[in-house]
Amino acid sequence: MSDQTNELTPWTLKTLRDLARQTRNLPADTLIVMSTDPSGNHFNPVLEYDTGMFADDELYPTQEQRARLIKGGEAPDAIPATPPGAKFALCLWPMPVF
């Protein structure tokens, strides 16, 4: 279990890089799992990741992703606009539960 503080500070990529250094001696096949709730009642393995712009509890496409979507045939009006103040984010997607 990790050291937890009373602060509710979101992780950044710096935190993830520090974690990677701290866990470098774990076996390569160690699973990465995510809690499905803040209390840790259930866990799911991480299945994939995505990047984008995070704001208002949503992940929006970056300018580069938006350009690729349009080049791929997506209608520009169908792609949600990224709100001002959105921050670049790494999103981890849990494996679905069956």
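Residues numbered from 1 in each chain as written. Predicted model: local features only at pLDDT ≥ 70, side-chain atom pairs only at ≥ 80, totals over all residues. Heavy atoms only, no water.

Considering the overall build of the protein chain
The number of helices and strands found in the protein chain is 2 helices and 4 strands. Each helix and strand of the protein chain, ordered N terminal to C terminal, gives the series α-β-β-β-α-β. Relative to a compact globule of 98 residues, whose C-alpha radius of gyration would be 13 Å, the protein chain shows 17 Å and is clearly more extended. Principal-axis analysis of the C-alpha atoms gives the protein chain an extent of 45 × 30 × 25 Å. When each of the 98 residues of the protein chain is scored for burial, the buried share is 12%. Excluding contacts between residues fewer than 6 apart, the proportion of contacts in the protein chain whose partners are at least 24 apart in sequence is 52%. With an accessible surface of roughly 8800 Å², the protein chain has 57% of that area assigned to carbon and sulfur atoms. Charged side chains in the protein chain number 8 positive and 13 negative. The centres of these two groups are separated by 12 Å. (Helix = DSSP H or I, 4+ residues; strand = E, 2+ residues; numbered from the N terminus. Rg over C-alpha atoms; globule rule 2.2 N^0.38 Å. Buried < 20%, exposed > 50% of the residue type's maximum accessible area, 1.4 Å probe, protein only. Contact = heavy atoms within 4.5 Å. Areas by Shrake-Rupley, 256 points an atom, 1.4 Å probe, with all protein chains shown as cover. Lys, Arg positive; Asp, Glu negative; His and termini not counted. Charge placed at Lys NZ, Arg CZ, Asp CG, Glu CD.)

A look at the side chain of Gln65
Relative to the helices and strands, Gln65 is located in helix H2 (residues 63-71). Overall, the relative accessible area of 14% leaves Gln65 in the buried class. A distance of 2.7 Å separates a polar side-chain atom of Gln65 from the backbone nitrogen of Thr62. With sequence-adjacent residues up to four places away left out, Gln65 is seen in contact with Asp50, Thr51, Gly52 and Tyr60. (Polar contact = N/O pair within 3.5 Å; in protein donor to acceptor, adjacent residues only side chain to side chain.)

A look at unusual backbone geometry
If you check the backbone angles, Asp56 has positive phi at about 50° while not being a glycine. Among the secondary structure elements, Asp56 is positioned in the loop between strand E2 (43-55) and strand E3 (58-60). Given a relative accessible area of 61%, Asp56 falls into the exposed group. Even without glycine at this site, Asp57 takes up a positive phi of about 60°. Tracing the backbone through its elements, the reader meets Asp57 in the loop between E2 and E3. Among the residues examined, Asp57 registers a relative accessible area of 70% and is labelled exposed.

Details of a nonpolar patch on the surface
Where nonpolar side chains cluster on the molecular surface, the patch consists of Trp11, Leu13, Leu16, Leu19, Tyr49, Leu90 and Leu92 and spans about 680 Å² of accessible area. The set of elements that each furnish at least two residues to the nonpolar patch consists of helix H1 (13-22) and strand E4 (87-94). Among the elements that make up the nonpolar patch, the one with the highest residue count is H1 (3 residues). A relative accessible area of 41% means that Leu90 is categorised as partly exposed. (Patch = residues over 30% accessible without salt bridge, like charges linked within 9 Å, V, L, I, M, F, W, Y side chains within 5 Å. Salt bridge = Lys/Arg side-chain N within 4 Å of Asp/Glu carboxyl O.)

What to know about the environment of Gln22
Among the structural elements, Gln22 can be located in helix H1. Spatially, the C-alpha atoms of Gln22 and Phe43 are 22 Å apart, while their sequence positions differ by 21 residues.

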